[in-house]
Amino acid sequence: MDNKWYKDICVYQIWPRSFCDGNGDGIGDLEGVYSKLDYIKDLGVDCIWFSPLYPSPNADFGYDIADYKNIHPEYGDLELFKKVLDGAHERGIKVIMDLVVNHTSDECDWFQKSRRRIEPYTDYYIWRKGRDGGKKPPNNWLSMFEGGAWEYDEVRGEYYLHVFAKKQPDLNHDNPKVREEVKEIMKFWLDMGVDGFREDVITFISKKEGLPNGFPIPSACGMEHYINGPHIHEYLKEYREVAKQYDCFCVGEAPMMTPETALKYITEGENQELDLMFHFQHMEADCIMMDFIHVPFSLIRMKKAFTRWQNMLKGKAWNTLYIENHDHPRIISRYGSEAYRTESGKMLAAMYMLQQGTPFIYQGQEIGMTNISLPDLDMYEDVFVKNNYNVFKKIFGKKRCEHLARISTRDNARTPVQWTGGENAGFTTGKPWFYINPNYKEVNAEKEMSDPHSLLNFYKKLIRFRKENEIVLKGDYKEYYENSKNLYVYERTYNNQRMLVICSFTEKGVAFEAPKGYDLSKGVKVLGNYESEHICGNGFKTRPYEMRVYMF
């Protein structure tokens, strides 16, 4: 095992707009983050990942960047960011930034000059003349956020490509000047002292030459021509050269990623382009391709995804472990149970964090925050779910799509963090920018801190356990009972030590029998979500969402 520091850490993601408001304007900010650094340190994590802090018109809440070398005034300024960065480092916490370079905002100075053909920005974006005398878009591609993937610009007299929202024009990475800009952005933040980057939809940056028509499927037509495109590895190797000059790490985000393809990016060695890869396969256990099109939750499908990544990356590359982030609904509402919030929350935490890899925790996950349900779809902000609603209501009908929108919207994960049971959940002294979940009086950090058996205190215990037991970091992985629809059981083995992880995904009692070669009476229960322990023979009947971890 090498000594790459990112393998030993636990990362905490902050979506700044909803984390904590320090100045009372209703919007989370860096002053609010600074006030919670001790909370983050006490949780036991070693690194903060900031979702975009840059100036942005917020068409996609920060993922449409207008200025890559500054801080959005709503969040503070560069001086305040440096204060937070230094405060984190003083507490032994590293900091990584979101690097969003597949696209910019249309309000970015580069785009404004490109549309006016001002050099050297003329070809910073992907511009094309229309078909049929300019009346039709250059091809049939659809955007993931807003209808067609091409928008006509009156100033330039051409169409520009936007794989996401209209206000998110795609950069032209085939232009060497664009790649130099990306490297300068990386150097700017690394020179300031940040410790790495999470690279947003980074596998989209290379488009197929000629931009041919795509296979006509809703919301994703054309993606086969820009996912893992023709020059992607060439360009990422360029960006990797910058990372090599600093003791930093880079984690990529890649929709439609498989472990086989991921190994082309993250296999350790001279040709490694990224250190870690965010994928979505285990988050597709209740949906098809994207969160919007829901199907009944399949534990077998989820287990298969986790196990394939564990097995295929073993000895070759390092896993990224997560169950929540800003792009997904809350996991307790999704794979667990709001009725058994604490029990299922603990089970889900142990389930993913005891696998091999670097775990990521999303703000509010550690206190068991759940989805919100608003009465009117117009109350939601999420451009992604609005687009899907408009696309699929013609297929599934309005009523069905309203239900799908509520359970799949990214806004479920973007409600303000519930710090206390007081006014506005302790998030702000002003009017919150978005609705606070009505359950904040029962679900909040203050209440969780005071209860020794809370989910928050379990996360602290679990993080400590990971750090104190090499078997979690270095052990081999093996799944048992792969065909069980209710139980996820796996072992970790290292240096003649064995750890057995047992997770029930149902409130119903399930008969569990220890796998061959295990004697529960000789094991030590080191983690669990129920205080008492019952064993009958060499097994037990599970309680709702029960989780047990034994060491042998």
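The model shown is predicted, which means the values in this text are computed figures rather than measured ones.

Once that is clear, we can look at the state of the cysteines. Counted under the stated rule, the structure contains zero disulfides. No disulfide involves cysteine 20; its sulfur sits 20 Å from that of cysteine 47, the nearest cysteine. A relative accessible area of 5% means that cysteine 20 is categorised as buried. Summary of cysteine pairing: cysteine 248 is not part of a disulfide, and the nearest cysteine sulfur, belonging to cysteine 250, is at 4.5 Å. Judged by relative accessible area, cysteine 248 falls into the buried class, the value being 13%.

Looking now at the sheet that holds strand β3 (residues 94-99). Read from one edge of the open sheet, eight strands run β9-β8-β7-β3-β2-β1-β13-β12, paired in parallel fashion. Two strands in the sheet have a free side with no partner beyond their single neighbour: β9 (276-278) and β12 (320-321). Relative to β9, strand β8 (residues 249-253) runs parallel, the two sharing three bridges. Bridging from a neighbouring strand, glycine 252 pairs with methionine 277 of β9.

Applying the stated rule across the entire model yields 40 salt bridges. Here glutamate 260 ties to arginine 308 by a salt bridge, and the two come within 2.4 Å at their closest N and O atoms. Of the two residues, glutamate 260 sits in helix α7 (residues 259-266) while arginine 308 sits in helix α8 (residues 299-313), which places them 48 residues apart along the sequence. A relative accessible area of 38% means that glutamate 260 is categorised as partly exposed. The structure contains a network of salt bridges with shared partners spanning Asp60, Asp327, Asp382, Arg410 and Arg414.

What follows is about unusual backbone geometry. Residue proline 120 follows glutamate 119 across a cis peptide bond; omega there is 5°. Looking at the secondary structure, you find proline 120 in the loop between α4 (109-114) and β4 (127-128). Phi angles above zero are rare outside glycine, and valine 201 is one such case at about 30°. On the secondary structure map, valine 201 appears in the loop between β7 (196-199) and α6 (232-244). The phi dihedral of asparagine 496 is positive, around 65°, even though this residue is not glycine. Looking at where asparagine 496 falls in the secondary structure, it is placed in the loop between β15 (487-494) and β16 (497-504).

The next thing to look at is the pairing of β16. Counting buried positions over the eight residues of β16 gives six, a clear majority of the element. By the bridge criterion, eight bridges tie β15 to β16 in an arrangement that is antiparallel. Opposite tyrosine 488, over in β16, you have cysteine 503 as the bridge partner. Counted between consecutive antiparallel strands, the loop separating β15 from β16 contains two residues, among which asparagine 495 sits at a positive phi close to 50°. Of the strand pairs in this sheet, β16 and strand β20 (residues 547-551) are connected by five bridges, and their pairing is antiparallel. Looking at the pairing, valine 501 lines up with valine 549 of β20.

Assignment of secondary structure puts phenylalanine 540 in strand β19 (residues 539-541). In this structure, the C-alpha to C-alpha distance between phenylalanine 540 and leucine 520, residues 20 residues apart in sequence, is 9.7 Å. Not counting chain neighbours up to four residues away, the residues in contact with phenylalanine 540 comprise Ile502, Val510, Ala511, Phe512, Leu520, His534, Ile535, Glu546 and Arg548.

Bringing the packing of aromatic side chains into the picture now. In this description, a pair of aromatic rings is defined by centroid distance and the angle of the planes. According to the stated counting rule, one finds 46 aromatic pairs in the structure shown. Ring geometry for phenylalanine 111 versus tyrosine 160: centroids 5.0 Å apart, planes at 75°, classification edge-to-face. Of this pair, phenylalanine 111 sits in helix α4 while tyrosine 160 sits in strand β6 (residues 158-161); the two residues are 49 residues apart in sequence, bridging distant segments of the chain. The class for tyrosine 160 is buried, based on a relative accessible area of 5%.

Let us now look at the pairing of β3. The side chains of a regular strand alternate between both faces of the sheet. Counting buried positions along β3 gives five out of six residues, so the element sits mostly inside the fold. Pairing of strand β2 (residues 47-50) with β3 involves four bridges; the strand directions are parallel. In the sheet register, isoleucine 48 faces β3, and the bridge partner there is valine 95. Running through helix α3 (residues 78-90), the crossover from β2 to the neighbouring parallel element β3 is right-handed. Sheet analysis places β3 next to β7, joined by three bridges and oriented parallel. Pairing of methionine 97 across the sheet is with phenylalanine 197, part of β7.

About the criteria used
- Residues numbered from 1 in each chain as written.
- Predicted model: local features only at pLDDT ≥ 70, side-chain atom pairs only at ≥ 80, totals over all residues.
- Heavy atoms only, no water.
- Disulfide = S-S within 2.5 Å.
- Buried < 20%, exposed > 50% of the residue type's maximum accessible area, 1.4 Å probe, protein only.
- Pairing = 2+ DSSP bridges.
- Helix = DSSP H or I, 4+ residues; strand = E, 2+ residues; numbered from the N terminus.
- Salt bridge = Lys/Arg side-chain N within 4 Å of Asp/Glu carboxyl O.
- Contact = heavy atoms within 4.5 Å.
- Phe/Tyr/Trp six-rings, centres within 6.5 Å; stacked < 30°, edge-to-face > 60°.
- Right-handed = clockwise from strand over helix to strand, strands pointing away.

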